[in-house]
Amino acid sequence: MSDNYVIALDVGGTVFKAALTAPDNEPLYEARRPTGGTSSVAEAILDFATELYATGVERFGRPPSAAGVVVPGIVDERAGVAVYSANLGWRDLPLRRLLTERLDGIPVALGHDVRAGGLAEGRLGAGAGYERFLFIALGTGIAGAIGIEGRVEPGAHGGAGEIGHVIVRPRGARCGCGQHGCLETVASAAAIGRAWATASETPGATAADAARAVVAGDARAASLWRDAVDGLADGLLTGVRLLDPGLVVVGGGLAEAGETLLAPLRTALAARTTFQRAPEILPAALGDAAGCLGAGLLAWDLARHLAPAEREPRAPLAGLPELPTSAEVSP
């Protein structure tokens, strides 16, 4: 077993997924834990990363070559700053610097969770072999990633891929972003769940319940499902017009509906695509492991692009550094 490895950490709203991964992207060690706890999420990230570092040193006798950490929200990957996350409660958090200091100076790549998932799908999953693809994650919200020749485009300000906030129903429901009629108010798993809870008069019903009702032939479910698919096709049409991808990869919780979602989506998008060639539409292949795999890819990309002298981490210290102060964690 190679002693060359990296830390991969995917910070989700409810769970952290982590691994120590080998150069061939195989996990050498895996761990999960709930996001919540007594400390802030930022402190929990630093704690968990430190534990992963220590585990690697204990198992392989040397520090990791690099670390890749991916988070939700707005991320400035070049600056290494987690700019904003409403769910995780930070703004302008210098997470890369804090992690580098905590992990004895090893190189750290900071990325966006959905773009990292798209990167993994593009290199290792459903998008492998496609030079241009669009990855779309349908969950509580909707986000996307633009795949270009083995990399994912972050945009000038870290906001590329936010297809969930393309307006598809002007004067529609108000979105959390402040606009009305955004795609995620129409076609996210949360939106479909709310619509089915109302239509079925079943408080707490979910999009998965709606999908099962569609399969069972429920006319109410079929109607709201058709509305959601039409909205999703309208949003994807904007992506197709702008990017001309060869493939759309559909992931996230709603993708678990499989062909119940994808078959009508292919038909609806093809009907809207007049002069351009409609892309293939495939389900994501990596499931909820995509973000962690993507974090590992970011770490390996960073490690391999640094000069050997820069890439070699310092020897582990006798004692790991203390947590940063609360002022450092929440500037």
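Residues numbered from 1 in each chain as written. Predicted model: local features only at pLDDT ≥ 70, side-chain atom pairs only at ≥ 80, totals over all residues. Heavy atoms only, no water.

1. Describing the sheet that holds strand β9 (residues 132–138)
The strands making up a sheet associate through hydrogen bonds between their backbones, and the pairing can be parallel or antiparallel.
Item 1. Ordered in space as β11-β10-β9-β12-β13, the five strands form an open sheet in which the pairing is mixed. Every interior strand has two partners, whereas the edge strands, β11 (151–152) and β13 (280–283), have only one.
Item 2. Here helix α7 (residues 219–243) sits on the sheet in contact with β9, β10 (142–148) and β12 (247–251), set at roughly 155° to β9.
Item 3. The strands touched by helix α8 (residues 259–272) within the sheet are β9, β12 and β13, with β13 carrying the most contacts at an inclination of about 165°. (Pairing = 2+ DSSP bridges. Helix = DSSP H or I, 4+ residues; strand = E, 2+ residues; numbered from the N terminus. Contact = heavy atoms within 4.5 Å. Axes fitted to C-alpha atoms, helices over the stretch in contact; angles between N-to-C directions.)

2. Details of the packing of helix α3 (residues 113–124) against helix α9 (residues 290–305)
Item 1. Closest axis-to-axis distance for the α3/α9 pair is 7 Å, and the angle between their directions is 80°. When the interaxial angle is binned, α3 and α9 end up roughly perpendicular. Packed against α3, whose contacting residues are Asp113, Ala116, Gly117, Leu119, Ala120, Glu121, Arg123 and Leu124, the element α9 presents Ala290, Gly291, Leu293, Gly294, Ala295, Leu297, Leu298 and Asp301 at the interface.
Item 2. Of the residues contributing to the contact of α3 with α9, the split by class is nine nonpolar, three polar and four charged. (Parallel < 35°, antiparallel > 145°, perpendicular 65-115°, else oblique. Nonpolar A, V, L, I, M, F, W, Y, C, P; charged D, E, K, R; others polar.)

3. Comments concerning the nonpolar core
Item 1. Membership of the largest hydrophobic core comes to 41 residues, with the highest contact counts inside it found for Ile136, Leu232, Leu236, Val250 and Leu261.
Item 2. Elements supplying a minimum of two residues to this core: β9, β10, α4 (184–187), α5 (189–199), α6 (207–215), α7, β12 and α8.
Item 3. Broken down by element, this core gets its largest block of residues, 10 residues, from α7.
Item 4. Once residues within four sequence positions are removed from consideration, Leu232 is found in contact with Ile136, Leu138, Leu183, Ala187, Leu261 and Leu265.
Item 5. Counting 33 residues, the second largest nonpolar core, distinct from the first, contains Ala18, Phe60, Val75 and Trp90. (Core = buried A, V, L, I, M, F, W, Y, C linked by side-chain atoms within 4.5 Å. Buried < 20%, exposed > 50% of the residue type's maximum accessible area, 1.4 Å probe, protein only.)

4. Concerning the packing of aromatic side chains
For any two aromatic rings, the description comes down to two numbers: the centre-to-centre distance and the angle of the planes.
Item 1. This model, assessed by the stated rule, comprises two aromatic pairs.
Item 2. Taking the centre distance of 4.8 Å and the plane angle of 50° together, the rings of Tyr5 and Phe60 count as tilted. Highlighted residues: Tyr5 in the segment before β1 (6–11) and Phe60 in helix α1 (residues 41–60), separated in sequence by 55 residues. Accessibility classification places Tyr5 together with Phe60 in one group, the buried group.
Item 3. Judged by centre distance (6.0 Å) and plane angle (15°), the ring pair of Phe16 and Phe48 falls under stacked. In this pair, Phe16 is assigned in strand β2 (residues 15–21) and Phe48 in helix α1, connecting sequence segments 32 residues apart.
Item 4. By relative accessible area, Phe16 is classed as buried at 0%. (Phe/Tyr/Trp six-rings, centres within 6.5 Å; stacked < 30°, edge-to-face > 60°.)

5. Thoughts on the pairing of β10
Item 1. Of all seven residues in β10, seven are buried, a share of seventy percent or more.
Item 2. Of the two faces of β10, the one holding Ile142, Gly144, Ile146 and Ile148 and the one holding Ala143, Ala145 and Gly147 are both buried throughout.
Item 3. Across seven bridges, β9 lies against β10 in antiparallel orientation. When the sheet's bridge partners are listed, Phe135 is paired in β10 with Ala145.
Item 4. Joining the antiparallel neighbours β9 and β10 is a turn of three residues.
Item 5. Pairing of β10 with β11 involves two bridges; the strand directions are antiparallel. Bridge pairing links Ile148 to Arg151 in β11.
Item 6. Counting the residues that bridge the hairpin from β10 to β11 gives two residues, and of these Glu149 lies at a positive phi of roughly 50°.

6. With respect to the pattern of salt bridges
Item 1. The tally for this structure, following the rule as stated, stands at 15 salt bridges.
Item 2. Notably, a salt bridge pairs Arg123 with Asp301, separated by 2.8 Å at the nearest N-O pair. Of this pair, Arg123 sits in helix α3 while Asp301 is found in helix α9, placing the two residues 178 residues apart along the sequence.
Item 3. Among the residues examined, Asp301 registers a relative accessible area of 21% and is labelled partly exposed.
Item 4. Taking the shortest distance from any N to any O, the salt bridge between Asp230 and Arg272 comes out at 3.6 Å. Of this pair, Asp230 sits in helix α7 while Arg272 sits in helix α8, and the two are 42 residues apart along the sequence.
Item 5. Judged by relative accessible area, Asp230 falls into the partly exposed class, the value being 25%. (Salt bridge = Lys/Arg side-chain N within 4 Å of Asp/Glu carboxyl O.)

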